[in-house]
Amino acid sequence: MTILVTGGAGFIGANFVLDWLSQSDEPIINLDKLTYAGNPQSLQALQQDKRHELVVGDICDAGLVADLLKRHRPRAVINLAAESHVDRSIQGPGAFIQTNIVGTFNLLESVRAYWNEMDSAARAAFRFLHVSTDEVYGSLSADEDAFTETRRYEPNSPYSASKAASDHLVRAYHHTYGMPVLTSNCSNNYGPLQFPEKLIPLVIANASSGKPLPVYGDGQQVRDWLYVADHCSGLRRILEAGTVGQTYNIGGWNERPNLTVVTEICELLDALQPRADGVSYQEQIAFVKDRPGHDRRYAINASKIERDLGWRPAETFETGLRKTVQWYLANSPWVEDIVNGAYHRSWIDQHYAA
Ligand code: NAD
Ligand code: TYD
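From a predicted model like this one, the values you see are computed outputs, not experimental measurements.

Conventions adopted
Residues numbered from 1 in each chain as written. Chains lettered and ligands numbered in written order. Predicted model: local features only at pLDDT ≥ 70, side-chain atom pairs only at ≥ 80, totals over all residues. Heavy atoms only, no water. Helix = DSSP H or I, 4+ residues; strand = E, 2+ residues; numbered from the N terminus. Buried < 20%, exposed > 50% of the residue type's maximum accessible area, 1.4 Å probe, protein only. Areas by Shrake-Rupley, 256 points an atom, 1.4 Å probe, with all protein chains shown as cover. Lys, Arg positive; Asp, Glu negative; His and termini not counted. Charge placed at Lys NZ, Arg CZ, Asp CG, Glu CD. Near = heavy atom within 4 Å. Polar contact = N/O pair within 3.5 Å; in protein donor to acceptor, adjacent residues only side chain to side chain. Nonpolar A, V, L, I, M, F, W, Y, C, P; charged D, E, K, R; others polar. Pairing = 2+ DSSP bridges. Axes fitted to C-alpha atoms, helices over the stretch in contact; angles between N-to-C directions. Contact = heavy atoms within 4.5 Å. Disulfide = S-S within 2.5 Å.

Regarding its fold elements, the protein chain presents 13 helices and twelve strands. Overall size of the protein chain, expressed as C-alpha extent along the three principal axes, is 70 × 50 × 40 Å. Taken over 354 residues, the protein chain has a buried fraction of 54%. Approximately 14900 Å² of the protein chain is accessible, and the part contributed by carbon and sulfur atoms is 51%. On the protein chain, the mean spot of the 32 positive side-chain charges and the mean spot of the 42 negative ones are 4 Å from each other.

Taken together, 28 residues surround ligand 1, and among them Ile12, Asp32, Ser84, Tyr159 and Lys163 come closest. In the model, a nitrogen atom of ligand 1 is placed 3.0 Å from a nitrogen or oxygen of the Ile59 main chain. One of the side-chain N or O atoms of Tyr159 is found 2.7 Å from an oxygen atom in ligand 1. Protein coverage of the free-state accessible area of ligand 1, which is 830 Å², stands at 97%. Sorting the residues of the shell around ligand 1 by element identifies helix H1 (11-23), strand E5 (127-133), helix H6 (158-177) and strand E7 (188-190) as the ones contributing at least two each. Split into classes, the residues belonging to the shell around ligand 1 amount to twelve nonpolar, twelve polar and four charged.

With that settled, consider the pairing of strand E1 (residues 3-6). By the alternation rule, side chains of E1 split into Ile3 and Val5 and Leu4 and Thr6, which are all buried. Sheet topology places E1 next to strand E2 (residues 28-32); four bridges connect them, and they run parallel. Note on E2: the bridge partner recorded for Leu4 is Ile29. With four bridges joining them, E1 and strand E4 (residues 76-79) adopt parallel strand pairing. Residue Val5 lies in a different strand from E4, and its bridge partner there is Ile78.

With that settled, consider the sheet that holds strand E9 (residues 222-227). Read from one edge to the other, the open sheet built from three strands follows the order E7-E9-E11, with strand pairing classed as mixed. The sheet is open, and its two borders are formed by E7 and strand E11 (255-257), each paired with just one other strand. Between one strand and the next, the sheet's axes are offset by a mean angle of 50 degrees, whatever the strand orientation. Where E7 and E9 come together, three bridges link them in parallel fashion. Across the sheet, residue Tyr190 finds its bridge partner in E9, namely Tyr227. Sitting on the sheet, helix H8 (residues 228-241) touches E7 and E9, and the angle it makes with E9 is about 70 degrees.

What follows is about the environment of Asp32. With respect to the secondary-structure elements, Asp32 resides in strand E2. Asp32 sits in the buried class, given a relative accessible area of 8%. For the pair Asp32 and Val56, spaced 24 residues apart in sequence, the C-alpha separation works out to 5.2 Å. Once residues lying within four places of it in the same chain are set aside, the contact partners of Asp32 are Gly7, Gly8, Ala9, Gly10, Gly38, Leu54, Val55, Val56 and Gly57.

The tally for this structure, following the rule as stated, stands at zero disulfides. Cys232 supplies the cysteine sulfur nearest to Cys186, a cysteine that is in no disulfide, at a spacing of 9.3 Å. The class for Cys232 is buried, based on a relative accessible area of 1%.

So this is what it looks like as C-alpha cells:
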C-alpha cells in the first residue's frame, strides 16, 4: 500500500511525511512543485529512505498526476499542496487561484478517473483527504462562539477564498460522483520547519538577528494555535476513521492575541538565549501598518473530532511554543538558508518597507 501526499516539502507536509514514516512503513509518493515554500532540506533525513519518493511537479499537471496514480496505485491522496501565505495572496492572488482552486480541481479529476477504474473493494477503501483552514469561515467578533463545521463560509482574503473554493469542489465531488473525500479545517499551525514569513518563525528569526519584530496594527487580532505534530496526528486519525463526505475542524483551544504570542516568544528567548546587553527581546517589538482586510479573530470548536474520532492534541501552547523556539535555535542553518535567499529577502524588503 502507498499514499500520495501533495505539498510534502512544505511546512505541514514535511512534518506529516516525517511523522508518518516514523510510525508506519507504508511508502509515500510526495508530489511537490518546490515553490519558494517547498524545501527538500526539510526531508533530508529521508534521503536514503526507500519508503519516500519526492516527485518535483505541479498538481496542475494532469498528465503527471494521472501517471503517478497509475504507476503507484495509492490507497489515499492527502492534498496539502497550496499557496498558503495571506499577505502574498494580497500582493498577488493569481498563484492562489491557480494552485488552490485549479490545482485541487485537477487533482480531483485525475483521482476520479483513477478511482472509477478500481474494483469495488478498493473503491470503498480509497480516501481523498483535503487539508484546509479555519480561515474559510471568516472573522469572529470577541464574544461569538468558536467555528463549528456547520458555520457559514465567509472567506475574506484571496487566500481563504481560494481555499473555500477548493473545499466546495471537494464537497461537490462527493455529492455528485460519490468520491470518498474527507476535509479538515485546521487553525493556525506552528512548529519546526515553518517558513519564516509566518508570524512565529519570523519573530524568532528576527529576534535572534537583532531585527524589528513586526506586529500588525494593534496586535490584538486573535489566532487559535495548534502545534504541527498535533495537526499531523489529527490528519492521520481522520484518514483512518473519518466518515466519508464529512468535514472535521482541528484545533487546540489555544486562542491568543498576536501581541501575547510575540511577548511569549520574547520571554522564552530571554531565558534560552539572552541578549548580550541583558535587555529583553520585547524591546525589538515594532508596530507596523495593518494587513488590509485583516481578520480579527479565529477560533476552532474541535468537539466533533474529539467526540467522534477520540483525537486530542498532545501539546499545550506553552509546551509547543517552547519546543518550537528550541528547534529554531538548534537549527539556525535551516533558517539562515531561507533568510539569506534572494526570494525571501526581496519579499521582506518589499512587504515591510513602510
Ligand atoms: P506551505 O506554504 O509551507 O507549503 C506548501 C507546499 O505546497 C510547498 O512545499 C510548495 O512547494 C507546495 N506547492 C505549492 N504549489 C504547488 C503546486 N501547484 N503543486 C505541487 N506543490 C505545490 O504551506 P503549509 O503551511 O504547510 O500548509 C499546507 C496546507 O495546510 C495548505 O493547504 C494550507 O492551506 C493548509 N493549512 C495551513 C495552516 C497553517 O497554519 N500553516 C493551517 C491550516 C491549514
Ligand atoms: P500568519 O502567520 O501570516 O498567519 P495567518 O494570517 O494565516 O493567520 O499571521 C498570524 C497573525 O499574525 C495574523 O493575525 C497576522 C499577524 N502578523 C503580524 O502581526 N506580523 C507579521 O509580520 C506577520 C507575518 C503576521
